[in-house]
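Architecture and fold: a report
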Amino acid sequence: MATYTTTTDDKYLLEQIAKRDRNAIRVLFTRHQVKVYRFLVRLVKNEAVAEELVNETFVEIWRCAANFEGRSAPTTWIFSIARFKALNVLRKRSDEELDEGKSANIEDYSDNPEVTAMKGNKAEVLQQCLGKLSEEHREVIDLVYYHEKSINEISEIVGVPPGTVKTRVFHARKQLSVILQRAGLDRGWP
Amino acid sequence: MPENNNMSERTEIESLLPWYVTGKLSKSETEKVDQYLAAHPGMSMQLDLIEQEKLETTLINEAIATPSATSIDRLMARLDEEFGPEQSPDETSWLQSIWRDIAGAFQMPVIQFAGAAAAVLIIVQAISLGVLLNSNTPGSATYTTASGPESPATSGTVMLVTFKQSATAERISKLLEETNGSIVKGPLAGGFYHVQFNIEPKSPEKVEALVKALETRSDIIDFVSEVE
């Protein structure tokens, strides 16, 4: 049995997973499941579905670890798989909703940003306005700020060129300023 | 420099600022931003905005609960189902090797059987439940639920351990008894337990030897690492 510690390199774990080492997938799973889960919750907006998708992602990693070529960081590869799984669910959900004529909107009973701004809680306003970004913008904002991915890593995860990543984040931030301004907060940019 | 060039340079720098704040730019890009900020101090206010955006984005994400503790068990069950059960090494060879490794690791006799430990914790890692029980040994007997109280801290080395789903309480108990180990915390998220062993934590050779010895028992132990 290979030796794993809290600092064992993810690439080494993937090599061992390719050799069918269950301990290696257990360590990799334990190390990354929370962030992958949160990434998925933000995409599919359903905790049970996200949890199932985390498992689907790691089953796929178990199945395809030998195909990992090490050209990207292991976490980038893991997030790419997770995102692909999530998009499949979203596509299927979208088809079902079209078939059944359902609306995907979830009613929000909390204060809107304007009301919160009047109450004077800037941090809460900012959180609410971040929540009003488009899915495309919110995804890259999460990847930059919470998951702390580089431009190239986001490019690989989202499947767009690095230039598009920079532009998308830039526009997301500008859009955030617009939403904040509508809520009564002018942050002086752009 | 023409104004449009200034604007495009400004936009280029602005588009890099989020990664400048998270420290994810290359060295040359970082230097480029540093130089621009030095020449245009007014843009520093952007860094404050980005810090706020980062903080609130982090708080939004951190507010999402963690996955259930049984998710790793379901993953392992799924792997068993789709790819077949995990293979266990020969038990006899372990008994020989653990004696050799531990005896070499400790100057004092560490393999102490019943009577040495007042109570030995037994983990029943059933496939459907992660229930932690204190077992009845020839000294005393207590029972603790999975989320039960932690044992009082004593001197020794604490290891982070996960046990095989297929490992029975009897075999885990025997292993802990033979290695003078006791469970002091757990189960934690991911099925981890803190197991304390009676060796000095400042002796990396002994700790390493213990890890190696425990790793040979892969029919019971899935993962072992010193708690840092």
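It should be emphasised that the depicted structure is a prediction, and the values quoted were computed from it without experimental measurement. (Residues numbered from 1 in each chain as written. Chains lettered and ligands numbered in written order. Predicted model: local features only at pLDDT ≥ 70, side-chain atom pairs only at ≥ 80, totals over all residues. Heavy atoms only, no water.)

**Considerations on the overall build of chain A**
Helix and strand counts for chain A come out as nine helices and zero strands. Each helix and strand of chain A, placed in order from N terminus to C terminus, yields the pattern α-α-α-α-α-α-α-α-α. In chain A, of all internal contacts separated by at least 6 residues, the share reaching a separation of at least 24 is 57%. Of the roughly 9,100 Å² of accessible surface on chain A, a fraction of 49% belongs to carbon and sulfur atoms. (Helix = DSSP H or I, 4+ residues; strand = E, 2+ residues; numbered from the N terminus. Contact = heavy atoms within 4.5 Å. Areas by Shrake-Rupley, 256 points an atom, 1.4 Å probe, with all protein chains shown as cover.)

**What about the nonpolar core?**
In this structure, A:Ile17, A:Ile25, A:Phe58 and A:Ile61 are the most contacted members of the largest nonpolar core, which totals 74 residues. With twelve residues, helix α2 (residues 22-44) of chain A is the largest single contributor of residues to this core. The residues touching A:Ile25, leaving out its near neighbours within four places in the chain, are A:Ile17, A:Phe58, A:Ile61, A:Trp62, B:Leu75, B:Met76 and B:Leu79. B:Phe163, B:Ile172, B:Ile183 and B:Phe197 belong to the second-largest nonpolar core, a separate cluster that totals 19 residues. (Core = buried A, V, L, I, M, F, W, Y, C linked by side-chain atoms within 4.5 Å. Buried < 20%, exposed > 50% of the residue type's maximum accessible area, 1.4 Å probe, protein only.)

**Looking at the interface of chain B and chain A**
Taken together, the contact between chain B and chain A spans 56 residues of the former and 51 residues of the latter. Between chain B and chain A the total buried area reaches about 5,200 Å² when both faces are included, carbon and sulfur atoms providing 59% of it. Here chain B and chain A share ten salt bridges between them. A salt bridge links A:Glu51 to B:Arg74; the shortest N-O distance between them is 2.4 Å. Where chain B meets chain A, there are 24 residue pairs in polar contact (both at pLDDT 80 or more). Contributing elements (two or more residues each) for the side of chain B that touches chain A: α1 (3-22), α3 (44-62), α4 (71-83), β3 (157-163), α7 (204-215) and β6 (221-226) of chain B. Sorting elements by how many residues they give to the side of chain B that touches chain A places α3(B) first, with 14 residues. Across the side of chain B that touches chain A, the residue classes tally to 24 nonpolar, 16 polar and 16 charged. (Buried area = accessible area lost by both parts, 1.4 Å probe. Salt bridge = Lys/Arg side-chain N within 4 Å of Asp/Glu carboxyl O. Polar contact = N/O pair within 3.5 Å; in protein donor to acceptor, adjacent residues only side chain to side chain. Nonpolar A, V, L, I, M, F, W, Y, C, P; charged D, E, K, R; others polar.)

**Quick look at the packing of α2(A) against helix α7 (residues 135-146) of chain A**
Residue and element names in this part refer to chain A. Where α2 meets α7, the closest approach of the two axes is 10 Å, and the angle between their N-to-C directions is 160 degrees. Judged by the angle between their axes, α2 and α7 are roughly antiparallel. The hand of the α2/α7 crossing is right-handed. Residues Lys35, Arg38, Phe39, Arg42 and Leu43 of α2 form the contact with α7, whose participating residues are Glu135, Arg138, Glu139, Asp142, Leu143 and Tyr146. For the contact of α2 with α7, the per-class residue count stands at four nonpolar, no polar and seven charged. (Axes fitted to C-alpha atoms, helices over the stretch in contact; angles between N-to-C directions. Parallel < 35°, antiparallel > 145°, perpendicular 65-115°, else oblique. Left-handed = near helix turned anticlockwise from the far one by under 90°.)

**Notes on the packing of aromatic side chains**
Residue and element names in this part refer to chain A. Scanning the entire structure with this criterion turns up seven aromatic pairs over all chains. Relative to Phe79, the ring of Phe39 has its centre 4.9 Å away and its plane inclined at 50 degrees; by these criteria the two rings are tilted. Residue Phe39 is found in helix α2, and its partner Phe79 is found in helix α4 (residues 74-100); the two are separated by 40 residues along the sequence. Accessibility classification places Phe39 together with Phe79 in one group, the buried group. Positioned over the ring face of Phe79 is Lys149, at 4.8 Å from the centre of the ring. For the cation-ring pair, Arg173 lies above Trp189, with the distance from its terminal atom to the ring centre recorded as 4.6 Å. (Phe/Tyr/Trp six-rings, centres within 6.5 Å; stacked < 30°, edge-to-face > 60°. Lys NZ or Arg CZ within 6 Å of the ring centre and 35° of its normal.)

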